[in-house]
Amino acid sequence: MFPPFDEERAKAVCLQMKKQLKEGSLVLESLSPASKDRVSNALMLGALVCTDSTGNEVVLKAVSGIRSLLKPNPSLNDNSIYVPPIASFEQIQSALAKNDKEIHSITETLKTEKHLNPKEQKALVEHRTLLTTQSLKAVHKLYNFYCADGKVYSLNDICKKQIEGKFPPTGTGDCCAPKLLNYAFSHNLLPLSMAELYYTADEKSNIDDDNIFYPPCDARCGILLPSMLKLHILYRDEDIIVVNKQSGVLSVPGRGEEKQDSIAYRVKRLFPNCIEQPAVHRLDMETSGLMVLAFNDYARRELGKQFEERKVQKTYEALLDDVLPSRGIANSGIMELYFRLDVENRPHQIWDSENGKKAITEWKILNVEDYHSPDGSVRPVTRVLFIPHTGRTHQLRLASADKHGFGSPIIGDSLYGHCEQGERLMLHATSLQFTHPRTGKVMTFNSTAPF
């Protein structure tokens, strides 16, 4: 993951923690013997520098895992807050205790009882898997996370959204980042700087001589942090932020209190120094994928020029509800269409060759594949790569659905096609290329379609 916040201030705190551990003014209290599959005494030291509602600085500190706690020496003059695990070692042990003895018994039987026939072995393995699954579910129920929107979400809720309900890797929620952010959001603190430092107390290791900082991990934090922050941040600096927008979220606030939640609103909530209008382009609410926003007026103005002058390169992937090659549609090409707003049926756009705005769209057929509908049915559909050369409202949805285009709507299009319950618009912004407004460097970002 890309570090969601500036790291410099928090890095200094982590280095101070490391020094205090070496000196003994800060100690690691072990709650259990080290696991055999862990590397010596290696762990991560994490720090999150925040401000409270009155603007006072608050420093949060944590260590990774559930087997150790940071304990300051009574003589250490430290006003920091030492953040505990989301679920304690004792809670997890208690959740595992119900099935633990029987699981170990089955494992021992499978190792020692050589006379078991294949059917008996299979039955034991299946029963052990059932018990293990029950234990994992019991552990997962212990993990609930305060998020940037002030709400609390369970690990199961987050996994349903982020990894389609699959089991997360062991230890998800035990890294420093989710612990620190959970504490900050639960106490109405505003995160400013966060960093994590690799640490080992092994005297034989040379690794600890280097100051190795890591961003939040992809495997575990990559599941949690987008939901906790309400933003999937791919890049951030003093001028811009690039996010991977999820389907179902507005790009900018709409009219009315109920439509204020949006990518722009969420960026301003996490980064209060951001300008009032950070968005320089938009994606439809149902469309997912890459967006760039500006933190200051200069960046917004310079990026805006690039979009106006069509210097920004974008690609999208879509699933069209048809088999395009069977209709004789070429594998690639460019279409020019003309649309305007249907004033009597907003926000629909309609064909108008005289008064409509020209929309230029390049396409390439990527594949014909099976689509599994929410109702369980399966049908062939076409995956298409779109390259828009203009930025008209609903341009790609119309290029797909209108009879002057392909005449085949994108799956899940509630405006120009059909959207089943539990279905989303199958349109995703897969790449975005622009020139950084301050450095002049060409910035390229890619995002795999989640369908």
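Refer to the structure presented above.
The rules behind the values
- Residues numbered from 1 in each chain as written.
- Predicted model: local features only at pLDDT ≥ 70, side-chain atom pairs only at ≥ 80, totals over all residues.
- Heavy atoms only, no water.
- Salt bridge = Lys/Arg side-chain N within 4 Å of Asp/Glu carboxyl O.
- Buried < 20%, exposed > 50% of the residue type's maximum accessible area, 1.4 Å probe, protein only.
- Helix = DSSP H or I, 4+ residues; strand = E, 2+ residues; numbered from the N terminus.
- Disulfide = S-S within 2.5 Å.
- Patch = residues over 30% accessible without salt bridge, like charges linked within 9 Å, V, L, I, M, F, W, Y side chains within 5 Å.
- Areas by Shrake-Rupley, 256 points an atom, 1.4 Å probe, with all protein chains shown as cover.
- Lys, Arg positive; Asp, Glu negative; His and termini not counted.
- Charge placed at Lys NZ, Arg CZ, Asp CG, Glu CD.
- Axes fitted to C-alpha atoms, helices over the stretch in contact; angles between N-to-C directions.
- Parallel < 35°, antiparallel > 145°, perpendicular 65-115°, else oblique.
- Left-handed = near helix turned anticlockwise from the far one by under 90°.
- Contact = heavy atoms within 4.5 Å.
- Arc of directions from axis to C-beta.
- Phe/Tyr/Trp six-rings, centres within 6.5 Å; stacked < 30°, edge-to-face > 60°.
- Lys NZ or Arg CZ within 6 Å of the ring centre and 35° of its normal.

Concerning the pattern of salt bridges
Moving on, step 1. All chains considered together, the criterion is met by 16 salt bridges.
Moving on, step 2. In this structure, the salt-bridge partner of lysine 268 is glutamate 276, at a minimum N-O distance of 3.1 Å.
Moving on, step 3. Given a relative accessible area of 55%, glutamate 276 falls into the exposed group.
Moving on, step 4. Residues glutamate 286 and arginine 397 are paired through a salt bridge, measuring 3.5 Å at the closest nitrogen-oxygen approach. Of the two residues, glutamate 286 is situated in the loop between α7 (263-270) and β12 (288-294) and arginine 397 in helix α9 (residues 395-401); the sequence distance between them amounts to 111 residues.

Concerning the state of the cysteines
As used here, a disulfide is simply a covalent bond connecting the sulfur atoms of two cysteines.
Moving on, step 1. Enumeration according to the criterion identifies zero disulfides in this entry.
Moving on, step 2. With no disulfide of its own, cysteine 147 lies closest to cysteine 159 among cysteine sulfurs, the gap being 12 Å.
Moving on, step 3. The exposure class assigned to cysteine 147 is buried, which follows from its relative accessible area of 1%.

Side note on a positive patch on the surface
Moving on, step 1. Residues Arg310, Lys357, Lys358 and Arg392 make up a contiguous surface patch of positive charge.
Moving on, step 2. Along the chain, lysine 358 turns up in strand β16 (residues 357-372).
Moving on, step 3. For lysine 358, a relative accessible area of 34% gives the class partly exposed.

With respect to the packing of helix α2 (residues 89-112) against helix α3 (residues 118-140)
Moving on, step 1. Following both chains from N to C, one finds α2 and α3 inclined at 165 degrees, their axes separated by 9 Å at the closest point. In terms of their interaxial angle, α2 and α3 are classed as roughly antiparallel. In the crossing of α2 with α3, the sense of the turn from one axis to the other is left-handed. On α3, the residues that touch Ile92, Ala95, Leu96, Asn99, Glu102, Ile103, Ile106, Thr107, Thr109 and Leu110 of α2 are Gln121, Leu124, Val125, His127, Arg128, Leu131, Thr132, Gln134, Ser135, Ala138 and Val139.

A look at the environment of asparagine 188
Moving on, step 1. Position of asparagine 188 among the secondary structure elements: in the loop between α5 (176-186) and β8 (190-199).
Moving on, step 2. Considering only alpha carbons, one finds asparagine 188 and tyrosine 146, 42 residues apart in sequence, at a separation of 10.0 Å.

Regarding helix α6 (residues 221-229)
Moving on, step 1. Among the nine residues in α6, eight count as buried, and that is most of the element.
Moving on, step 2. Of all the residues in α6, the buried ones are Cys221, Ile223, Leu224, Leu225, Pro226, Ser227, Met228 and Leu229.
Moving on, step 3. Those residues of α6 hidden inside the fold are in contact with β6 (144-146), α4 (155-162), α5, β10 (233-236) and α7.

Observations concerning the side chain of serine 447
Moving on, step 1. Mapped onto the secondary structure, serine 447 falls in the segment after β19 (442-446).
Moving on, step 2. Look past the residues within four positions of serine 447 in its chain and what remains in contact with it is Asn244, Leu290, His428, Ala429 and Thr430.

Side note on α7
Moving on, step 1. Looking at α7, one finds that the buried residues are Ile263, Ala264, Arg266, Val267 and Leu270. All buried residues of α7 project into a common sector of 165 degrees when viewed along the axis, lining one side.
Moving on, step 2. Elements that come into contact with the buried residues of α7 comprise α5, β8, α6, β11 (240-245) and β12.

As for unusual backbone geometry
It is generally the case that most residues other than glycine have a negative phi and that most peptide bonds are trans.
Moving on, step 1. The omega angle of the peptide bond from arginine 346 to proline 347 is 0 degrees, so this bond is cis rather than trans.
Moving on, step 2. Mapped onto the elements, proline 347 comes out in the loop between β14 (332-341) and β15 (349-351).
Moving on, step 3. A positive phi angle is found at asparagine 188, which is not glycine, with a value near 55 degrees.
Moving on, step 4. Unlike most non-glycine residues, histidine 394 shows phi in positive territory, near 60 degrees.
Moving on, step 5. Judged by relative accessible area, histidine 394 falls into the buried class, the value being 8%.

What about the packing of aromatic side chains?
Moving on, step 1. As enumerated under the stated definition, the model contains 10 aromatic pairs in all.
Moving on, step 2. Aromatic pair phenylalanine 5 and phenylalanine 271: ring centres 5.8 Å apart, planes at 45 degrees, arrangement tilted. Here phenylalanine 5 is found in the segment before α1 (8-23), whereas its partner phenylalanine 271 is found in the loop between α7 and β12, with 266 residues between them in sequence. Comparing phenylalanine 5 with phenylalanine 271, the two get one shared label, buried.
Moving on, step 3. In textbook terms, an aromatic cluster arises when at least three aromatic residues are bridged by ring pairs, as seen for Phe2, Tyr235, Phe434 and Phe445.
Moving on, step 4. One Lys or Arg, lysine 11, reaches over the ring of phenylalanine 213 and ends 5.1 Å from the middle of that ring.
Moving on, step 5. One residue, lysine 230, lies across the ring of tyrosine 153, its end atom 3.8 Å from the ring centre.

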